[in-house]
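Survey of secondary and tertiary structure
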Amino acid sequence: MAEAAFSIPSNLIQALRGARHATVLTGSGISAESGVPTFRDAQTGLWSNFRPEDLATPEAFRRDPKLVWEWYAWRRELVARARPNEGHLALAELEQRVPKFTLITQNVDGLHQRAGSRNVIELHGNINRVKCFEEDAVVESWNQTGEVPPRCPRCGGRLRPDVVWFNEPLPEDSIGKAASAARNCDLFLSIGTSGAVYPAASLPFEALEGGATVVEINPVPTPLTARATFALRGPSGEILPEIMRQLAG
Ligand code: APR
């Protein structure tokens, strides 16, 4: 058999084989190998002199709605050109192998669904959905008048991306479901997240409290590393397919 690029501890493979309920938390790192910059990567091109923290907030939108709308339009374009990578595909395959499987993502790029994942909790919304800034309700279609941002067909308010901005609350149902999936699973994987932003960052620790085996996949250490049962140091686009190969073996 070809030498595996990453050696996966055999007791992790055993734990995966025996898992009744696996819960996964992903961050922007899992989309890095699809060419989607992570949240804390330096912004590229014409957006290089902006920080996400200065654009992804209600205050930024009130101050300059056109700039914020255009930043998301640029990211939507970039995501539309991106393709799910081997890491996304491996998680969609894992979902088929575990009796109960919950995928929680902080990402707004929709790549998990495009890879075939079904039970996805989008903690921070989805960049491909639009909502009215005034009504806070999703808008499916609007008049293309050329105005940027476009206007809500119901109330005339400005439209915005349906994503969670800094200083905004998470959708109640999603964080509740995510916390329950973290507390009640027997295996928790934290993949491609710096663990910098709460409440998402608390989920692996809730899993530990619930007695779960916790696995971290990240090329660099994070605040979770010291507490994780297994810390696999490398890119998820390589480690997850290797895990699936050894699971099938
Ligand atoms: N495979 C796995 N992990 C990777 C890879 C890779 N190929 N490349 C980078 N990473 C890791 C980085 O080491 C980092 O720890 O992904 C993590 C990305 O961290 P952030 O950029 O902070 O993104 P994320 O953790 O998703 O941010 C969480 O913060 O800014 C808010 O709402 C935003 O959803 C975002 C949240």
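Here the structure is shown first, and the text comes after it.
Residues numbered from 1 in each chain as written. Predicted model: local features only at pLDDT ≥ 70, side-chain atom pairs only at ≥ 80, totals over all residues. Heavy atoms only, no water.

Focus on the nonpolar core
Ranked by internal contacts, the top residues of the largest apolar core, which has 27 residues, are I217 and I243. If you list the elements that add at least two residues to this core, you get α1 (10-17), β1 (21-26), α6 (86-97), β2 (100-105), β6 (187-191), β7 (213-217), β8 (230-232) and α10 (236-248). Among the elements that make up this core, the one with the highest residue count is α10 (five residues). Core analysis: the second largest hydrophobic core is formed by 19 residues, I104, L170, A178 and C185 among them. (Core = buried A, V, L, I, M, F, W, Y, C linked by side-chain atoms within 4.5 Å. Buried < 20%, exposed > 50% of the residue type's maximum accessible area, 1.4 Å probe, protein only. Helix = DSSP H or I, 4+ residues; strand = E, 2+ residues; numbered from the N terminus.)

A short note on the pairing of β1
Of all six residues in β1, six are buried, a share of seventy percent or more. Every second residue of β1 is oriented toward a common face, with H21, T23 and L25 on one face and A22, V24 and T26 on the other, all of them buried. Two elements, β1 and β2, share six bridges in a ladder whose sense is parallel. Looking across to β2, one finds that A22 is bridged to F101. Bridge analysis of β1 against β6 gives five bridges, and the strand direction is parallel. Paired with T26 across the strands is I191, a residue of β6. (Pairing = 2+ DSSP bridges.)

Regarding the packing of aromatic side chains
The geometry of an aromatic ring pair is captured by two quantities: the separation of the ring centres and the angle between the planes. A full pass over the atoms with the stated rule returns five aromatic pairs. Seen from their ring centres, F61 and W165 are 5.6 Å apart, and the 35° between their planes marks the pair as tilted. Of this pair, F61 sits in helix α4 (residues 58-63) while W165 sits in the loop between β5 (159-163) and α8 (172-183), and the two are 104 residues apart along the sequence. With respect to burial, F61 and W165 carry one shared label: buried. On the basis of an interplanar angle of 45° and a centroid distance of 6.2 Å, the ring pair of Y72 and W165 is categorised as tilted. In this pair, Y72 is assigned in helix α5 (residues 65-81) and W165 in the loop between β5 and α8, connecting sequence segments 93 residues apart. By relative accessible area, which is 2% here, W165 ends up buried. Here the aromatic residues F61, W71, Y72, F133 and W165 are joined through ring pairs into a cluster of three or more. Against the face of W69 rests R76, its NZ or CZ located 5.3 Å from the ring centre. (Phe/Tyr/Trp six-rings, centres within 6.5 Å; stacked < 30°, edge-to-face > 60°. Lys NZ or Arg CZ within 6 Å of the ring centre and 35° of its normal.)

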